[in-house]
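# Notes for the structure review
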Amino acid sequence: MILVVNLEGRRWLCDVGFGESIVEPFPLEAEWEEEHDSGVYRLHVEEDEWYMERKEENGWRSLYKFTLEEKTFEDFLEMCEYHQTSPSSIFVQKSLCSLQLPRARLTYIGRQLISTEYTKGGGSVKTTRKLTDEEIPGLLRHKFGIVLSGKLIIKDEDIVIPKTHQPDSSSKLDLNTYLQRIGIADYTAVSQTPSLSKLRIIHRQHVLTVPFESLSIHSGEKILLDVDWIYEKIVLRKRGGFCFENNGLFFWVLQQLGYQPQMLSSSVKNKFTGLYESPLSHMMMMVELEGRRWLCDVGYCEGIMEPFPLEAGWEEEQDCFVYRLQVDEDEWHLEKEEEEVWRSLYKFTLKERTLEDFRELCEHYQTSPSSFFVQKSFCCLPLPHGQLTYMGHRLISTEYTKRGGSVKTTQELTEEEIPALLRDKFGIVLSGKLTPKND
């Protein structure tokens, strides 16, 4: 964000929010060149785009480009969120503080204090001092006048360059390829008249072969709510995803097979806070088949393995867990028994939803610092009578016992071991560098 002021017959560019930019108002005139305390600057114009450039020892460097289209404060809300949440943001990857001084600049970043002295003509001399964690609060107070109200998380990490994957336009979505992905070799076994037995097979195979994971968020990949993109990721690249991806793809699969699913949303009960999240925090679906309604959900790592009868009070054992549906007025609660205690997984109504309804939450879950998917790099795959979970720098193997009991073993991982583990245990090969997290 920058400003323009009309004053005394000229237009002036004002910018007090860029770490290495102008110190005083700058004439908004094409090719204007001027020296400030922080260096030599000029404005270059190409058609309707203006370029603010700074002279450095090896030539001119562009700081930013802009047009003269007027903006409002509201226009910057989305990027304000992005800058404080995305792994591609310098503000997320580095704890920093920078202050302009007369012909000098003082910069704190990570565990370094950098003093820059500017010389005539755009030159500079830098000195760097290493800092201990204990020194940093005092330095911020004495050098920058800053006293933080919370504990500082010291960071100086590499910027994650976003990668986007475009589906191959020459290869259309293919149901048979999906079925092979989930381990069903015989297409005709599920491609004829819809039946409950076939639905059980497809549902269970998807849960057992497609991981529930947040790895895109921690390897520089943007998650898109687009069926073509999800298909390319899960089917062709053999990845997993969170509920919007897994259930979004499964919804398409059931449509292709003639099941006429209805998309639903639910409010997940946070396991740590005990509070219910947004009514759109989870996606699942309902199928009417053989005179009954069935809840289908292949995108919840602790959830059902097979279609579940949508009937009030219904209780059923699937593998080692018992699930039940409770109804309170128009709200349904899916509950799971764990060591003789019932725990609510999520609550929902039967209001029909579309993929579009989940776009805002999809963005929130991959950018917000309060999101479990942002705070933890994880990959979860149910097994018959167990579960395999990668999280941060750990591999957790869980063996389930009857009525919701479990036995867990944990293996600590080095950063170098994680890519091979993801490949060998989950079949996942990432296209970007993973930043392990378990905050």
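This text goes with the structure placed above it.
Residues numbered from 1 in each chain as written. Predicted model: local features only at pLDDT ≥ 70, side-chain atom pairs only at ≥ 80, totals over all residues. Heavy atoms only, no water.

## Brief notes about the nonpolar core
If you look at soluble globular proteins, the nonpolar side chains tend to sit buried side by side. Counting residues in each nonpolar core, the largest one holds 53 residues, and the members touching the most others are Tyr178, Ile202, Phe242, Phe244, Leu249 and Phe250. With 8 residues, helix α8 (residues 243–256) is the single largest residue contributor to this core. Setting aside residues no more than four positions away along its own chain, Ile202 makes contact with Tyr178, Ile182, Ile184, Val190, Phe250 and Leu257. Core analysis: the second largest hydrophobic core is formed by 19 residues, Leu264, Leu295, Phe321 and Leu345 among them. (Core = buried A, V, L, I, M, F, W, Y, C linked by side-chain atoms within 4.5 Å. Buried < 20%, exposed > 50% of the residue type's maximum accessible area, 1.4 Å probe, protein only. Helix = DSSP H or I, 4+ residues; strand = E, 2+ residues; numbered from the N terminus. Contact = heavy atoms within 4.5 Å.)

## So, the layout of surface pockets
There is about 1,100 Å³ of room inside the second largest pocket. In this structure, the second largest pocket is lined by 41 residues; those nearest its centre are Lys271, Phe272, Tyr300, Glu302 and Phe372. Elements represented by at least two residues in the lining of the second largest pocket include exactly β19 (331–338), α9 (359–367), α10 (372–375), β21 (378–383), β22 (386–391), β23 (394–400) and β24 (406–412). Taken together, the residues of the lining of the second largest pocket sort by class into 16 nonpolar, 15 polar and 10 charged. (1 Å grid on protein atoms, 1.4 Å probe; cavity = no way out; pocket = protein on both sides within 12 Å on 5 of 7 lines; lining within 4 Å. Points joined across faces, edges and corners; volume = space filled by probe spheres on them. Nonpolar A, V, L, I, M, F, W, Y, C, P; charged D, E, K, R; others polar.)

## Focus on the sheet that holds strand β18 (residues 321–328)
Read from one edge of the open sheet, 8 strands run β16-β15-β14-β13-β20-β19-β18-β17, paired in antiparallel fashion. Every other strand in the sheet has two partners, leaving β16 (308–309) and β17 (315–318) as the edge strands with one partner each. As paired strands, strand β13 (residues 262–268) and strand β14 (residues 282–289) are joined by 5 bridges and run antiparallel to one another. Pairing of Leu264 across the sheet is with Met284, part of β14. Along the sheet face, helix α6 (residues 196–209) touches β14 and β15 (292–296) and points at about 10° away from the line of β15. Sitting on the sheet, α8 is in contact with β13, β14 and β15, with an inclination near 25° to β14. (Pairing = 2+ DSSP bridges. Axes fitted to C-alpha atoms, helices over the stretch in contact; angles between N-to-C directions.)

## Examining the pairing of strand β20 (residues 341–348)
By the bridge criterion, 3 bridges tie β13 to β20 in an arrangement that is antiparallel. Its bridge partner lying in β20, Ser266 is registered against Phe348. Note that β19 and β20 share 7 bridges and pair antiparallel. Residue pairing for β20: Lys336 is matched across the bridge by Arg343. Adjacent in sequence and paired antiparallel, β19 and β20 are bridged by 2 residues, among which Glu339 carries a positive phi angle near 50°.

## A word on the environment of Phe251
Position of Phe251 among the secondary structure elements: in helix α8. As a C-alpha pair, Phe251 and Asp297 span 46 residues in sequence and 9.7 Å in three-dimensional space.

## Observations concerning the state of the cysteines
Under the defined criterion, the tally for this structure stands at 1 disulfide. Cys301 shares a disulfide with Cys380; S-S distance 1.7 Å. With the S-S dihedral at roughly -65°, the linkage between Cys301 and Cys380 falls on the left-handed side. With Cys301 in the loop between β15 and β16 and Cys380 in strand β21, the pair connects residues that are 79 residues apart, well separated along the chain. (Disulfide = S-S within 2.5 Å.)

## A look at the environment of Glu157
By the secondary structure assignment, Glu157 is in the loop between α3 (135–144) and α4 (175–181). Glu157 has contacts with Gln93, Lys94 and Thr435, leaving out every residue within four places of it along the chain.

## Observations regarding the pattern of salt bridges
Applying the stated criterion across every chain yields a total of 32 salt bridges. Glu302 is paired through a salt bridge with Arg343; the nearest N and O atoms lie 3.0 Å apart. Of this pair, Glu302 sits in the loop between β15 and β16 while Arg343 is found in strand β20, placing the two residues 41 residues apart along the sequence. Each of Glu213, Glu221, Glu232, Arg237 and Arg239 takes part in salt bridges that share partners, so that together they form one network. (Salt bridge = Lys/Arg side-chain N within 4 Å of Asp/Glu carboxyl O.)

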